[in-house]
Amino acid sequence: MQKQARRRGERQVGRVVPWWLLAGAGVLTQLLTMASGIMAARMLGAEGRGQVVLVATLAVMGSQLTLGGSLPNAITKQLAERGVTARDGLRGLVLRWFPLGLLAGGLGGALMLYFEWDVDGPTKYGLALGVVVMAIQAMASRILVGAMLGEGSNPVHIALTGVLPQAAVVVVVGTALSFGVRWNALELMSVTVICTGLVLVARLRVLALPTGRPEDRLNGLELARLARRTHFGSVGPIDGLAIDRTLVGALLGNVQLGLYSAAFAIGGLASILGACLGMVALPRVAFLQKDPEAEAHFVRGWLLLSTLLLGVVVAGLEAVTEPVIRLTFGADFVGATACARWILVGSGLLGFRRVLIAVLQGRDRGRLPSVVELALTPVVVLGVVLAAAANSLVGVGITMTAVGAASCLVLGLAVARSSATGGLSSASEPRAADTPLV
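Residues numbered from 1 in each chain as written. Predicted model: local features only at pLDDT ≥ 70, side-chain atom pairs only at ≥ 80, totals over all residues. Heavy atoms only, no water.

Section: the overall build of the protein
Alright, step 1. Within the protein one finds 17 helices and 0 strands.
Alright, step 2. Expressed as a percentage of its 438 residues, the buried residues of the protein come to 57%.
Alright, step 3. Expressed as a percentage of contacts within the protein between residues at least 6 apart in sequence, the contacts between residues at least 24 apart total 84%.
Alright, step 4. Accessible area of the protein: about 17900 Å², with a carbon and sulfur share of 68%. (Helix = DSSP H or I, 4+ residues; strand = E, 2+ residues; numbered from the N terminus. Buried < 20%, exposed > 50% of the residue type's maximum accessible area, 1.4 Å probe, protein only. Contact = heavy atoms within 4.5 Å. Areas by Shrake-Rupley, 256 points an atom, 1.4 Å probe, with all protein chains shown as cover.)

This is the structure in structure tokens:
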């Protein structure tokens, strides 16, 4: 039995995930997210929709700052480089990470209480608890997908892991709407938590069986060092921490946040496509480090493909932004159209920068993206604060576009100047010739 499991594990490791399948699943997930957002907007109105968005935003922030940030990418890279399965590589490590995840979720819940302190009754406490649970679910989902990518799981299984939670939410909420059910923000959030939790538990079954080799276990300290070195590049605080949405909600209120969420939902298609292209690129670039010529060929082709795909998506959505918002979210959200047009361009640029970050991380050049993200995040904060002072959602969109262009410029130059490591491990220091880049 052990030999059979070992053979199965070895067959899975090293499998190349088709970009179109994962990217298509990412786009489908975003479409389902838009659909659930549309139904939530019609069920709750702008005020309730803003509350739900704030819960999700704080949960994502808590996840990205801790276990859901750079750790999944570090897991993907090390599993792909070493050619081991997730159950072997992560044996005994997951339980050690749980207290940190719970702490991060608790801090997000505390922020929710602060923002919603004027809300009467127990609703604010329920929303705060929802932040904690959704943050832990977001961490678990990211780690699970990172593990599946690293071990080369069945591409269909990887795709379904992202699609199924949102599909379940859409089915349940859509059925409720068809029967005239009207939930409040807390009830809708509870339905989302239950659907997501059930799907994630079921998806654990698709990980490859363990081979039983003790030497396959990843070194926890080495994994932590890699995660720390690439943390801000993986998190992408420019857009990955939802700083813009948090500030819009805090400075302009839930109604404006509801409008901004509609604009962000349109642009999210480009963001999720870029993120998926980066997810596929990272394990492939890491795997090809021992063959610099093949790696350079892959990177050139991948960047060209990413540019074309993101360009087509952004241009296509720009042409139909206003009618899409009107027909989906409703006439009350048409005011978000001008902001959505800027957000679309910014999302395309920020999505492409995810691909550039993945290439640099695969080449063990993960420090530079982190430096770039840290340098540009204060620009995002300043731009959103100034836009809020002018009561301008369009100003927020312009800020995100400008920051996206700056990050692509710097990271693109870094990719052009770097090259494959020739087989250096993830813990290795950069080569002398590449030192200025990191």
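A word on empty space enclosed by the protein
Alright, step 1. On inspection of all chains with the given rule, the structure shows 3 cavities of 30 Å³ or more.
Alright, step 2. Here the second largest cavity defines a volume of roughly 60 Å³.
Alright, step 3. Lining of the second largest cavity is provided by Asp239, Asp244, Tyr260, Phe264, Ser271, Ile343, Gly346, Ser347, Leu350 and Met400.
Alright, step 4. When contributions to the lining of the second largest cavity are tallied by element, the ones reaching two or more residues are α12 (254-287) and α15 (337-362). (1 Å grid on protein atoms, 1.4 Å probe; cavity = no way out; pocket = protein on both sides within 12 Å on 5 of 7 lines; lining within 4 Å. Points joined across faces, edges and corners; volume = space filled by probe spheres on them.)

Observations concerning the packing of aromatic side chains
Alright, step 1. All chains considered together, the criterion is met by 2 aromatic pairs.
Alright, step 2. Between Phe298 and Trp302 the ring centres are 5.2 Å apart and the planes differ by 25 degrees, which places this aromatic pair in the stacked class. You can see Phe298 and its partner Trp302 sitting in helix α13 (residues 292-319), 4 residues apart, about one turn around the helix.
Alright, step 3. Overall, Phe298 belongs to the buried group, its relative accessible area being 17%.
Alright, step 4. Here Trp302 falls in the buried class, since its relative accessible area comes to 8%.
Alright, step 5. Sitting over the face of the ring of Phe264, Arg245 holds its NZ or CZ atom 3.7 Å from the ring centroid. (Phe/Tyr/Trp six-rings, centres within 6.5 Å; stacked < 30°, edge-to-face > 60°. Lys NZ or Arg CZ within 6 Å of the ring centre and 35° of its normal.)

Side note on the pattern of salt bridges
Alright, step 1. All told, the structure shown has 8 salt bridges when counted by the stated rule.
Alright, step 2. Where Glu295 meets Arg363, a salt bridge forms, and the shortest distance between an N and an O atom there is 2.7 Å. With Glu295 in helix α13 and Arg363 in the loop between α15 and α16 (367-389), the pair connects residues that are 68 residues apart, well separated along the chain.
Alright, step 3. Since its relative accessible area comes to 1%, Glu295 is described here as buried.
Alright, step 4. Ionic pairing is found between Glu373 and Arg353, a salt bridge with its closest N-O pair at 2.9 Å. Of this pair, Glu373 sits in helix α16 while Arg353 sits in helix α15, placing them 20 residues apart in sequence.
Alright, step 5. One network of salt bridges, with partners in common, ties together Asp239, Arg353, Arg354 and Glu373. (Salt bridge = Lys/Arg side-chain N within 4 Å of Asp/Glu carboxyl O.)

Quick notes on the layout of surface pockets
Alright, step 1. Considered as a void within the structure, the largest pocket measures approximately 620 Å³ in volume.
Alright, step 2. Taken together, 24 residues form the lining of the largest pocket, with Val94, Ala140, Ile143, Leu144 and Leu204 sitting closest to its centre.
Alright, step 3. At 8 residues, helix α6 (residues 123-151) tops the list of elements feeding residues into the lining of the largest pocket.
Alright, step 4. Residue composition of the lining of the largest pocket, by class: 18 nonpolar, 4 polar and 2 charged.
Alright, step 5. Roughly 270 Å³ of volume is contained in the second largest pocket.
Alright, step 6. What lines the second largest pocket is a set of 16 residues, among which Leu67, Leu71, Leu100, Ala224 and Ala227 lie closest to the centre.
Alright, step 7. Of all the secondary structure elements, the ones that give two or more residues to the lining of the second largest pocket are α5 (94-115) and α9 (220-229). (Nonpolar A, V, L, I, M, F, W, Y, C, P; charged D, E, K, R; others polar.)

Some remarks on helix α3 (residues 71-82)
Alright, step 1. A rise of 1.5 Å per residue sets the reference length of α3, with its 12 residues, at 16 Å; its end C-alpha atoms lie 16 Å apart and thus fit the reference within 8%.
Alright, step 2. Of the residues making up α3, those classed as buried are Leu71, Pro72, Asn73, Ala74, Ile75, Thr76, Lys77, Gln78, Leu79 and Ala80.
Alright, step 3. Two residues or fewer past α3, Gly83 is found with a positive phi of approximately 70 degrees. (Expected span 1.5 Å × (residues − 1).)

Quick notes on the packing of α6 against helix α7 (residues 155-178)
Alright, step 1. At a closest axis distance of 10 Å, the pairing of α6 and α7 adopts a crossing angle of 170 degrees. Relative to α7, the element α6 lies roughly antiparallel. As α6 runs across α7, the sense of the crossing is left-handed. Residue-level inspection shows Leu144, Val145, Met148 and Leu149 of α6 in contact with α7, the latter providing His157, Ile158 and Thr161.
Alright, step 2. A breakdown of the residues in the contact of α6 with α7 according to their chemical character gives 5 nonpolar, 2 polar and no charged. (Axes fitted to C-alpha atoms, helices over the stretch in contact; angles between N-to-C directions. Parallel < 35°, antiparallel > 145°, perpendicular 65-115°, else oblique. Left-handed = near helix turned anticlockwise from the far one by under 90°.)

Considerations on the nonpolar core
Alright, step 1. Counting 100 residues, the largest nonpolar core has Ile75, Trp97, Met112, Leu223, Val248 and Tyr260 as the members making the most contacts within it.
Alright, step 2. At 15 residues, the largest contribution of residues to this core is made by α12.
Alright, step 3. The contacts of Val248, once residues within four sequence positions are left out, are Gly253, Gln256, Leu257, Tyr260, Val384, Leu393 and Val396.
Alright, step 4. Membership of the second largest hydrophobic core comes to 16 residues, among which are Val169, Ala185, Leu188 and Cys195. (Core = buried A, V, L, I, M, F, W, Y, C linked by side-chain atoms within 4.5 Å.)

Observations regarding the confidence of the model for the protein
Alright, step 1. Scored by pLDDT, the protein comes out at a mean of 80, with 89% of its residues at no less than 70.
Alright, step 2. By mean pLDDT, the top-scoring element of the protein is helix α17 (residues 393-417) (93), and the lowest-scoring one is helix α1 (residues 2-12) (45).
Alright, step 3. Taken together, the stretch residues 1-15 has pLDDT below 50 and engages in 26 contacts with residues farther than four places along the chain or on a different chain.
Alright, step 4. Segment residues 424-438 is flagged for pLDDT under 50; beyond a separation of four residues in sequence, or across chains, it makes 36 contacts in the model. (pLDDT = per-residue confidence, 0-100.)

Examining the packing of α3 against α6
Alright, step 1. Running from N to C, α3 and α6 cross one another at 15 degrees; their axes reach a closest spacing of 7 Å. Classed by the angle they form, the pair α3 and α6 counts as roughly parallel. Once α3 is placed against α6, the crossing between them reads as right-handed. Seen from α3, the contacting residues are Leu71, Pro72, Asn73, Ile75, Thr76, Leu79 and Ala80; seen from α6, they are Arg142, Ile143, Gly146, Ala147, Leu149, Gly150 and Glu151.

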